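# A closer look at the structure
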2 protein chains.
Amino acid sequence: MRLAIVGLGLIGGSIARAIRSNRSAAAFDSIVAWSPSGSGPAAALADGIIDRATTSLDDALAGADLVVLAADPLTCLDLLDSIAAANRAGDRPTITDVASTKQAIVNRANQGHLAFIGGHPMAGREVSGYGASRADLFLGRPWVLCPGALARPIDFERVEQLVGACGADVHRLAAREHDRAVAGISHLPLALAAALAQAVGDADDWPIARALAAGGWASATRVARGDVTMGAGLAATNAPELARRIRALVTQLEDWLADLEETPDDPQATALRIALRLAAARELLGPAD
Amino acid sequence: MRLAIVGLGLIGGSIARAIRSNRSAAAFDSIVAWSPSGSGPAAALADGIIDRATTSLDDALAGADLVVLAADPLTCLDLLDSIAAANRAGDRPTITDVASTKQAIVNRANQGHLAFIGGHPMAGREVSGYGASRADLFLGRPWVLCPGALARPIDFERVEQLVGACGADVHRLAAREHDRAVAGISHLPLALAAALAQAVGDADDWPIARALAAGGWASATRVARGDVTMGAGLAATNAPELARRIRALVTQLEDWLADLEETPDDPQATALRIALRLAAARELLGPAD
């Protein structure tokens, strides 16, 4: 199988590394990579992680059996349009991607009549770029697959070989279910972390507060230190689900306000109400990993 | 100086360990500890961390020069009342505490005419209890001091020796300034983490979402896995400041909703607006630690 990776940052680079370090991934005969700047492919070629770095997207796609779009969601939409425009009869590679939203991307692939299976490996780091890539990034993690309308058995076979070579576990979901789930466990936490940073960081006592910030603050704001373009792309391509989740969260915060303000002169009674909320949250979270 | 520690969990135990492992902490002649269950003091005595474990609070206080209340905020309020009731003329030990809110506690100490300096070491772990205590917990961390109305020079001297023996840095603040700051960097993140867990965990697709949760979710909900009584006590004793911070956060989330929903058919435009928010948040957070 000839693999083309389009975009060779954290995720694309980690896929190439995983395949190269996995001796049982014999199905992959060659890996070619392209990226807009070319710096990731050049470094990966020097590292012996890929077979060929190319400066032409067309060249990367020519002859590929499996194409992995390893870019942010909005770039994936554009790439699908380009591939659909160039698609020739009889030359139908399997296309997959690794972006964090799926419905908009699957729709676009369907419009372009592509043999597409959307993918989302549930792994990441706050750092980005090829330099941060790791062969074990996906090990034991879920890798969601959301098939497009024109996906063939051969497409499933190829994409599942890719997921298997990365050591991840296939979770097949409808794109809509996927987007709803990640709006809750991934996009809402990002929005919250950014909103928290702005709500507290824009207040006039930020210099005092910042000097006291400890591990809890660092943990609560960690995801807001990630890549801005990536974050904006996933929020924008999952806007209705994210908005629904934000509204559910605001409802929770209104309950907090009611509990905090019901008995201003009786902190013991306030504490009892808040303890119920905290205990319910802890119960839902389950034991720490 | 004879030191009495009231409550010997994570913080009280870490104070005792820090003093015992610090050779320059020669000012501390003896450490006696009491806790409601007695299990922390018994273990610490066996570990050689304290000189005496007692089953009587009165006995722990008798003859102490410095008393550290190492309990949750609401328990500290009760302890201050007990100490004030037992206080005899001519026998005025320095009292300090380590609770995460200060205004309510300083007020109560003033009402009891105690020689009090409120304290808050800005360090912690999600685990609790004496077994989790560590000698280096406070190393290089800020330790806020909020003096009561009747604090004498000798009280500052003693409490600053304690902070120094723990390797922490004194930050002197008015109780109100402290409470406002920690409402932002500590209590709001706790409320948010719990609200996030309930908003997402109570939705009907939680089993699907939970299976996909990765590092971002774990990080965003981490502080909601902490001690429930402690969390409820700090929220209840800092309710007005926390409520103010929650309202500021809801305002931010309303701005997110407006940005997400302004151009439903133009994800590129949505992404530009969200990118501005994420970039502003990142700028406020500064470089990662």
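Positions within a chain are numbered from 1, following the residues in the order the chain's sequence is written. Whichever chain is written first becomes A and whichever ligand is written first becomes 1, with later ones labelled in order. Owing to the predicted nature of the model, reporting of local features is limited to residues with pLDDT of at least 70; listing and counting of side-chain atom pairs is limited to 80 or more, with chain, interface and lining totals taken over all residues.

## Re the overall build of chain A
Rules: Labels follow the DSSP assignment, with helices taken as runs of H or I lasting at least four residues and strands as runs of E lasting at least two, numbered in each case from the N terminus. Buried means a residue has 20 or more other C-beta atoms within 10 Å of its own C-beta, exposed means 12 or fewer, and partly exposed covers the counts in between; C-beta atoms are placed from the backbone. Contact definition: two residues whose C-beta atoms, as placed from backbone geometry, lie within 7 Å.
Broken down by element type, chain A carries 12 helices and 8 strands. Overall, the C-alpha framework of chain A stretches about 75 × 40 × 35 Å when taken along its three principal axes. In chain A, which comprises 289 residues, the proportion classed as buried is 55%. Within chain A, contacts between residues separated by at least 24 positions form 74% of all contacts whose residues are at least 6 apart in sequence.

## Quick word on the sheet that holds strand 7 (residues 142-147) of chain B
Residue and element names in this part refer to chain B. Defined as follows: Note: two strands are recorded as paired if DSSP finds a minimum of 2 bridges between them.
Strand order in the open sheet formed by 8 strands is 3-2-1-4-5-6-7-8, and the pairing between neighbours is mixed. Each edge of the open sheet carries a strand with a single partner, namely strand 3 (52-53) and strand 8 (169-172). Two strands pair when backbone bridges link them, and strand 5 (residues 94-97) and strand 6 (residues 116-121) are joined in this way by 2 bridges, in the parallel orientation. The residue bridging Ile 95 from the neighbouring strand is Phe 116, located in strand 6.

## Comments concerning the domain arrangement of chain A
Residues and elements named next belong to chain A. Test applied: The start and end points of each domain follow an automatic or database-based domain assignment. Under the scheme applied here, ten amino acids are nonpolar (Ala, Val, Leu, Ile, Met, Phe, Trp, Tyr, Cys and Pro), four are charged (Asp, Glu, Lys and Arg), and all others, including Gly, are polar.
In terms of domains, chain A is made up of domain 1 (2-173) and domain 2 (177-285). Of note, the centres of domain 1 and domain 2, computed from C-alpha atoms alone, are 33 Å apart. Contacts between domain 1 and domain 2 engage 14 residues on the former and 16 residues on the latter. The set of elements that each furnish at least two residues to the side of domain 1 that touches domain 2 consists of helix 4 (73-86), helix 5 (103-111) and strand 7 (142-147). Counted by class, the side of domain 1 that touches domain 2 contains 6 nonpolar, 5 polar and 3 charged residues.

## Considerations on the relation of the copies chain B and chain A
Quick note on the threshold: Copy-to-copy alignment: least squares on C-alpha atoms, limited to residues at pLDDT 70 or above in both.
Superposing chain B onto chain A requires a rotation of 180° together with a translation of 0.0 Å along the rotation axis, leaving an RMSD of 0.0 Å. Taken together, the rotation and translation relating the two chain copies correspond to the operation of a two-fold axis. In this assembly, 100% of the residues forming the interface of chain B have copies in chain A that are likewise at the interface, indicating an isologous arrangement.

## Details of the interface of chain B and chain A
With 87 residues of chain B in contact, the opposing surface of chain A contributes 88 residues. If one sorts the elements of the side of chain B that touches chain A by residue count, helix 7 (residues 175-201) of chain B sits on top with 20 residues. Residues that form the side of chain B that touches chain A fall into these classes: 59 nonpolar, 17 polar and 11 charged.

## Focus on the sheet that holds strand 4 (residues 66-69) of chain A
All names here are of chain A. What counts, and what does not: In this analysis, axes come from line fits to C-alpha atoms, helices being fitted only over the stretch in contact, and the angle between any two N-to-C directions falls in the range 0 to 180 degrees.
With mixed pairing, 8 strands are arranged side by side in an open sheet as 3-2-1-4-5-6-7-8. Strand pairing shows two members of the sheet lacking a second neighbour, strand 3 (52-53) and strand 8 (169-172), which therefore form its edges. Packed on one face of the sheet, helix 1 (residues 10-21) meets strand 1 (2-6), strand 2 (30-34), strand 4 and strand 6 (116-121) and runs near 165° to strand 2. Here helix 5 sits on the sheet and contacts strand 5 (94-97), strand 6 and strand 7; the angle it forms with strand 6, its principal contact strand, is near 160°.

## Observations concerning helix 4 (residues 73-86) of chain B
Stated formally: An expected span of 1.5 Å times one less than the residue number is assigned to each helix.
With 14 residues, helix 4 of chain B ought to run about 20 Å at 1.5 Å a step, and its terminal C-alpha atoms sit 20 Å apart, in line with that. Residues of helix 4 of chain B that are buried: Pro 73, Leu 74, Cys 76, Leu 77, Leu 79, Leu 80 and Ile 83 of chain B.

## Section: helix 12 (residues 267-285) of chain A
Residues and elements named next belong to chain A. Put simply, the test is: Starting at the helix axis, one direction is taken to each C-beta atom, and the arc is that of these directions.
Compared with the 27 Å implied by 1.5 Å per residue over 19 residues, the 26 Å span of helix 12 between its first and last C-alpha is a close match. By the burial criterion, the buried members of helix 12 are Pro 267, Thr 270, Ala 271, Ile 274, Arg 277, Leu 278, Ala 281, Arg 282 and Leu 285. For helix 12, the angular spread of the buried residues around the axis is 135°, confining them to a single face. Positive phi appears at Gly 286, one or two residues downstream of helix 12, with a value of about 75°.

## Examining the packing of helix 7 (residues 175-201) of chain A against helix 11 (residues 239-261) of chain B
Between two packed helices, what matters for the description is the angle formed by their axes and the separation of those axes. Test applied: Any angle between 65 and 115 degrees counts as roughly perpendicular, while under 35 counts as roughly parallel, over 145 as roughly antiparallel, and the rest as oblique. In this scheme the handedness of a crossing depends on how the near helix is turned from the far one: anticlockwise by less than a right angle means left-handed, clockwise means right-handed.
Look at helix 7 of chain A against helix 11 of chain B: their axes get within 9 Å of each other, and the N-to-C directions meet at 125°. Here helix 11 of chain B runs oblique to helix 7 of chain A, going by the angle between their axes. Once helix 7 of chain A is placed against helix 11 of chain B, the crossing between them reads as right-handed. Facing helix 7 of chain A, whose interface residues are Ala 191, Ala 195, Leu 196, Gln 198 and Ala 199 of chain A, helix 11 of chain B presents Arg 245, Ala 248, Leu 249, Gln 252, Leu 253 and Trp 256 of chain B. Of the residues belonging to the contact of helix 7 of chain A with helix 11 of chain B, the class tally is 8 nonpolar, 2 polar and 1 charged.

## Thoughts on the pairing of strand 7 of chain A
All names here are of chain A. Basically, it comes down to this: For a crossover, the right-handed case is the one in which the path from the first strand over the helix to the second runs clockwise, viewed with the strands pointing away from the viewer.
Within strand 7, 5 of the 6 residues are buried, which leaves the element mostly enclosed by the surrounding structure. The sheet contact formed by strand 6 and strand 7 spans 5 bridges and is antiparallel. Within the sheet, the bridge partner assigned to His 120 lies in strand 7 and is Val 144. Following the chain from strand 7 across helix 6 (residues 153-165) to the adjacent parallel strand 8, one finds a crossover that is right-handed.

## A short note on the environment of Leu 260 of chain B
For Leu 260 of chain B, the position within the fold is in helix 11. For Leu 260 of chain B, the contacting residues outside a window of four places in its chain are Ala 235, Ala 239, Leu 242 and Ala 243 of chain A together with Thr 270 of chain B.

## Description of the packing of helix 12 of chain A against helix 7 of chain B
Packing of helix 12 of chain A against helix 7 of chain B brings their axes to within 8 Å, and their N-to-C directions diverge by 60°. One way to sum up the angle between helix 12 of chain A and helix 7 of chain B is to call them oblique. Of the two elements, helix 12 of chain A crosses helix 7 of chain B, and the hand of that crossing is left-handed. Taking contact as the criterion, the partners of Arg 277, Leu 278, Ala 280, Ala 281, Leu 284 and Leu 285 of chain A in helix 12 of chain A are, on helix 7 of chain B, Ala 194, Ala 197, Gln 198 and Gly 201 of chain B.

## Things to note about the pairing of strand 5 of chain A
Two faces belong to every sheet, and in a regular strand the side chains alternate between them. All names here are of chain A. A two-sided burial pattern is seen for strand 5, the buried positions comprising Thr 94 and Thr 96 on one face and Ile 95 and Asp 97 on the other. Alignment of strand 4 against strand 5, held across 4 bridges, turns out to be parallel. By the bridge assignment for strand 5, Leu 69 is matched with Asp 97. In this region the chain leaves strand 5, passes through helix 5 and returns to the parallel neighbour strand 6; the handedness of that crossover is right-handed.

## With respect to the environment of Val 163 of chain B
Within the secondary structure, Val 163 of chain B is located in helix 6 (residues 153-165). Residues Val 163 of chain B and Ala 194 of chain B, spaced 31 residues apart in sequence, show a C-alpha to C-alpha distance of 32 Å.

## Brief notes about the environment of Leu 285 of chain B
Along the chain, Leu 285 of chain B turns up in helix 12 (residues 267-285). Excluding residues within four positions of it along the chain, Leu 285 of chain B makes contact with Ala 197, Thr 221, Ala 224 and Arg 225 of chain A.

## Notes on unusual backbone geometry
With a phi close to 55°, His 113 of chain A is a non-glycine residue in the positive phi region. Here His 113 of chain A is to be found in the loop between helix 5 and strand 6.

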